[in-house]
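The lines below spell out each chain.
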Amino acid sequence: QVDLREFGGGLVQPGASLRLECVSTGRPFSTYTMGWFRQAPGKEREFVSALDYSGTNTYYVDSVKGRFTISRDNTKNMMYLQMNSLKSEDTAVYYCAKQTKPFDSLQLGPDQYDTWGQGTQVTVSS
């Protein structure tokens, strides 16, 4: 069984940075593509970024390209999302998630992920 937990959310001003962390307590973390999603009030859950199991291939939604960077440390069962130049529209609950199938190619749809963290709130406001 894999459990995920996110850390690092908070309240920041526009233009600031935050780093989200996701820790996996199960095995085998290193064989799964991992992703970050977010959900703003009144909106559907949205794909943000994903990183394949090898750490080689990444994908970002257009709205965060050039500002967010996803990474992982398979030796620590950790995944990260460095968020720079934050905007008010980045305000949401951020979730980390594990893809269902091991060694699978990177997927964007939330239905391809079977394990989710509890979420961490990111609020960008002046």
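The present account deals with the structure reproduced in this document. (Residues numbered from 1 in each chain as written. Predicted model: local features only at pLDDT ≥ 70, side-chain atom pairs only at ≥ 80, totals over all residues. Heavy atoms only, no water.)

1. Observations concerning the packing of aromatic side chains
Move 1: Following the criterion strictly, the structure yields seven aromatic pairs and no others.
Move 2: Each ring, one from phenylalanine 37 and one from tyrosine 113, has its centre 5.0 Å from the other, and the planes form 80 degrees; the classification is edge-to-face. Here tyrosine 113 lies in strand β10 (residues 113-116) and phenylalanine 37 lies in strand β4 (residues 34-39), a separation of 76 residues in the sequence.
Move 3: Both rings, one in tyrosine 53 and one in phenylalanine 103, keep their centres 5.2 Å apart while their planes meet at 85 degrees; by these two values the pair is edge-to-face. Residue tyrosine 53 is found in the loop between β5 (46-51) and β6 (58-60), and its partner phenylalanine 103 is found in the loop between β9 (92-99) and β10; the two are separated by 50 residues along the sequence.
Move 4: A cation over an aromatic ring shows up here: arginine 45 above the ring of tryptophan 116, its NZ or CZ 4.6 Å from the ring centre. (Phe/Tyr/Trp six-rings, centres within 6.5 Å; stacked < 30°, edge-to-face > 60°. Helix = DSSP H or I, 4+ residues; strand = E, 2+ residues; numbered from the N terminus. Lys NZ or Arg CZ within 6 Å of the ring centre and 35° of its normal.)

2. Some thoughts on unusual backbone geometry
Move 1: One non-glycine residue with positive phi stands out, namely asparagine 77, at about 55 degrees.
Move 2: Take asparagine 77: it is sitting in the loop between β7 (68-73) and β8 (78-83).
Move 3: Residues other than glycine seldom take positive phi values, yet serine 85 does so here, at roughly 50 degrees.
Move 4: On the secondary structure map, serine 85 appears in the loop between β8 and β9.
Move 5: Residue serine 85 is classed as partly exposed on the basis of its relative accessible area, which comes to 41%. (Buried < 20%, exposed > 50% of the residue type's maximum accessible area, 1.4 Å probe, protein only.)

3. Remarks on the pairing of strand β1 (residues 4-7)
Move 1: Burial of the side chains of β1 is restricted to one face: Leu4 and Glu6 are buried, whereas none of Arg5 and Phe7 on the reverse face is.
Move 2: Here four bridges tie β1 to strand β3 (residues 18-24), and the two strands are oriented antiparallel to one another. Each residue of the ladder has a partner; that of leucine 4, found in β3, is serine 24. (Pairing = 2+ DSSP bridges.)

4. With respect to the sheet that holds β7
Move 1: With antiparallel pairing, the four strands of this open sheet are ordered in space as β1-β3-β8-β7. Each edge of the open sheet carries a strand with a single partner, namely β1 and β7. For this sheet the average axis-to-axis angle between neighbouring strands, irrespective of direction, equals 15 degrees. (Axes fitted to C-alpha atoms, helices over the stretch in contact; angles between N-to-C directions.)

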